[in-house]
Amino acid sequence: MKVPFLSLKDMTDKYRDEIHSAALRVIDSGWYLQGEENARFEKDYAGYIGTEHCVGCANGLDALVWIFRAYIELGVMKPGDEVIVPANTYIATILAITENGLVPVLVEPKIDTFQIDDDLIEERITPRTRAVCIVHLYGRCAYTRKIGELCKKYGLKLIEDNAQAHGCVFEGARTGSLGDAAGHSFYPGKNLGALGDAGAVTTNDGELAEAVRSLANYGSQKKYVFRYRGRNSRMDEIQAAILGVKLRHLDEDVALRKAVARCYVEGIKNPKIVLPKVPDWKQHVFHIFPILCEQRDELQKYLEEKRIGTNIHYPVPPHKQECYREWNGMSLPVTEKIHRCELSLPMSPCLTDEQVAWVIDCVNGF
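Rules of the game
Residues numbered from 1 in each chain as written. Predicted model: local features only at pLDDT ≥ 70, side-chain atom pairs only at ≥ 80, totals over all residues. Heavy atoms only, no water. Helix = DSSP H or I, 4+ residues; strand = E, 2+ residues; numbered from the N terminus. Rg over C-alpha atoms; globule rule 2.2 N^0.38 Å. Buried < 20%, exposed > 50% of the residue type's maximum accessible area, 1.4 Å probe, protein only. Contact = heavy atoms within 4.5 Å. Pairing = 2+ DSSP bridges. Axes fitted to C-alpha atoms, helices over the stretch in contact; angles between N-to-C directions. Disulfide = S-S within 2.5 Å. Phe/Tyr/Trp six-rings, centres within 6.5 Å; stacked < 30°, edge-to-face > 60°. Salt bridge = Lys/Arg side-chain N within 4 Å of Asp/Glu carboxyl O. Core = buried A, V, L, I, M, F, W, Y, C linked by side-chain atoms within 4.5 Å. Parallel < 35°, antiparallel > 145°, perpendicular 65-115°, else oblique. Left-handed = near helix turned anticlockwise from the far one by under 90°. Nonpolar A, V, L, I, M, F, W, Y, C, P; charged D, E, K, R; others polar.

> How would you sum up the overall build of the protein chain? Please name residues and give values.
Of regular secondary structure, the protein chain possesses twelve helices and 13 strands. For the protein chain, whose C-alpha radius of gyration is 20 Å, the value lies close to the compact-globule estimate of 21 Å for 366 residues. Oriented by its inertia axes, the alpha-carbon framework of the protein chain measures out at about 65 × 55 × 40 Å. By the burial criterion, 57% of the 366 residues in the protein chain qualify as buried. Restricting the contact set of the protein chain to residue pairs at least 6 apart, pairs at least 24 apart contribute 70%.

Okay, here's the thing in structure tokens:
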């Protein structure tokens, strides 16, 4: 039996008629940028997340870039200031910080959650620290009350990278509404995915939202008048319309992901495999289902032979990348273990019971 790691076609086919209708509506409207579809999606997504403002932009990286840039333009931060960030994240989180001339301070994660270790944050705070950026990696909530209390104690901004956690909840509030601002990615493979690149910023700070919107529109708040040195980073109308369709089905799709994850958690018994711990199922939306295995590469090859697709998130941590060669000598053993041992199993709201059972049988047979 063939089990793809992720079939974007299957995910799109679920809502094919609605998506086609939405795309045709935009095409027939003759309005393709900064129109009604963006306004509608921004309103609906802000309502879903639970914030006053949502600003669409070109992609998830830009969403984070504009948050930091807006804080600089508003005088809250300046180049050289420090941002505490998890060491084990997709590189986009780090790029958004360094692109703005800010300094990432890498903090190790907890091995059992893959999320930033809140016991290690306070010791890394210095007079130059201006923010903590948490990453809801793999679709799991990274926020803790301790992180919130530390940000209040030291007057730090709390920024969320919510690129992988659409629909995730912490004590009744959705991720993306827990901090001062959040960046969201709608890359096609996300839980809420467009048919191309798209992103957004959510916040309750009206001044920040206005600055982000301007920066993503060449720096302009009024046509041909430029307050900032911005860039073109706008979500197009077709992507907004498609996201509007998928947003209506997001909670349903998340429930299906959780059902797959529950089968994995209950069914995989191989002692060579370390499964993610899930003490609270509301705090995990399973964008990725990560396992740890000391024989990761052998396991991946074995599953490939069984026609089961897998992926590695991510094979090389940011501090070992060539683009950050000045960090290559750093020792971050927990992060390095995760990146050495992590393997992502198939995860999708489109997986069949038979496919899930086959994955479990094969993993147990390794």
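Next comes the rest of the description.
> Requested: an account of the sheet that holds strand 5 (residues 157-161), with residues and values cited.
The strand order across the open sheet built from seven strands is 1-9-8-5-4-2-3, with neighbouring strands paired in mixed fashion. Only two strands of the sheet have a single partner each, and these edge strands are strand 1 (53-57) and strand 3 (103-107). Ignoring strand direction, the axes of neighbouring strands in this sheet form an average angle of 20 degrees. Both strand 8 (residues 181-185) and strand 9 (residues 199-203) contribute to a ladder of five bridges, which runs antiparallel.

> Run through the state of the cysteines, naming residues and quoting values.
According to the stated counting rule, one finds zero disulfides in the structure shown. Looking at cysteine 133, it has no disulfide partner, and the nearest cysteine sulfur is the one in cysteine 151, 10 Å off. Not part of a disulfide, cysteine 293 finds its nearest cysteine sulfur in cysteine 341, a span of 7.5 Å. Residue classification places cysteine 293 among the buried positions, given a relative accessible area of 2%.

> Before we move on, could you go through the packing of aromatic side chains and cite the residues and values that matter?
As enumerated under the stated definition, the model contains twelve aromatic pairs in all. Centre to centre, the rings of phenylalanine 41 and tyrosine 45 are 5.4 Å apart; their planes meet at 15 degrees, and the pair counts as stacked. Note that phenylalanine 41 and tyrosine 45 are positioned in helix 3 (residues 36-49) at a spacing of four residues, about one turn of the helix. The same class applies to phenylalanine 41 as to tyrosine 45, namely buried. When the ring of tryptophan 281 is compared with that of phenylalanine 286, the centres are 5.4 Å apart and the planes differ by 40 degrees; the resulting orientation is tilted. Tryptophan 281 sits in the buried class, given a relative accessible area of 18%. Overall, phenylalanine 286 belongs to the buried group, its relative accessible area being 0%.

> Which residues make up the pattern of salt bridges, and what values do they have?
On inspection of all chains with the given rule, the structure shows 19 salt bridges. Here aspartate 62 makes a salt bridge to arginine 231, at a shortest N to O gap of 2.8 Å. Linking aspartate 62 in helix 4 (residues 60-73) with arginine 231 in the loop between strand 11 (225-226) and helix 8 (237-248), this pair joins segments that are 169 residues apart in sequence. Taking the shortest distance from any N to any O, the salt bridge between aspartate 251 and arginine 174 comes out at 3.6 Å. You can see aspartate 251 sitting in helix 9 (residues 250-267) and its partner arginine 174 sitting in strand 7 (residues 173-174), a full 77 residues away along the chain.

> Explain helix 11 (residues 333-341) to me, using residue names and the numbers behind them.
Restricting attention to buried positions, one finds in helix 11 the residues Thr335, Ile338, His339 and Cys341. Buried residues along helix 11 sit in contact with strand 12 (289-292), helix 10 (296-305) and strand 13 (342-345).

> Describe the nonpolar core, with residues and values.
Counting residues in each nonpolar core, the largest one holds 38 residues, and the members touching the most others are Phe41, Tyr45, Val132 and Phe186. For this core, the secondary-structure elements that each account for two or more residues are helix 3, strand 3, strand 4 (129-135), helix 6 (145-154), helix 8 and helix 9. If you tally residues by element for this core, the top one is helix 3, at five residues. Excluding its chain neighbours within four sequence positions, the residues that come into contact with valine 132 are Ile84, Ile121, Ile147, Cys151, Leu156, Lys157, Leu158 and Ile159. In terms of nonpolar packing, the next biggest core, distinct from the first, is built from 36 residues, Val55, Val85, Leu106 and Ala211 among them.

> Mind laying out the pairing of strand 1, listing which residues take part and the relevant values?
Counting buried residues in strand 1 gives four out of five residues, a clear majority hidden from the surface. Bridge analysis of strand 1 against strand 9 gives five bridges, and the strand direction is antiparallel. Residue pairing across strands places cysteine 57 opposite glycine 199, the latter belonging to strand 9.

> Can you lay out the packing of helix 4 against helix 7 (residues 206-215) for me, pointing to particular residues and giving the numbers?
Between helix 4 and helix 7, whose axes approach to 9 Å, the crossing angle comes to 110 degrees. Considering their axes alone, helix 4 and helix 7 lie roughly perpendicular with respect to each other. Both helix 4 and helix 7 take part in a crossing whose hand is right-handed. Contact residues: helix 4 offers Trp66, Ile67, Arg69, Ala70, Tyr71 and Glu73, while helix 7 offers Leu208, Ala211, Val212 and Leu215. Of the residues belonging to the contact of helix 4 with helix 7, the class tally is eight nonpolar, no polar and two charged.

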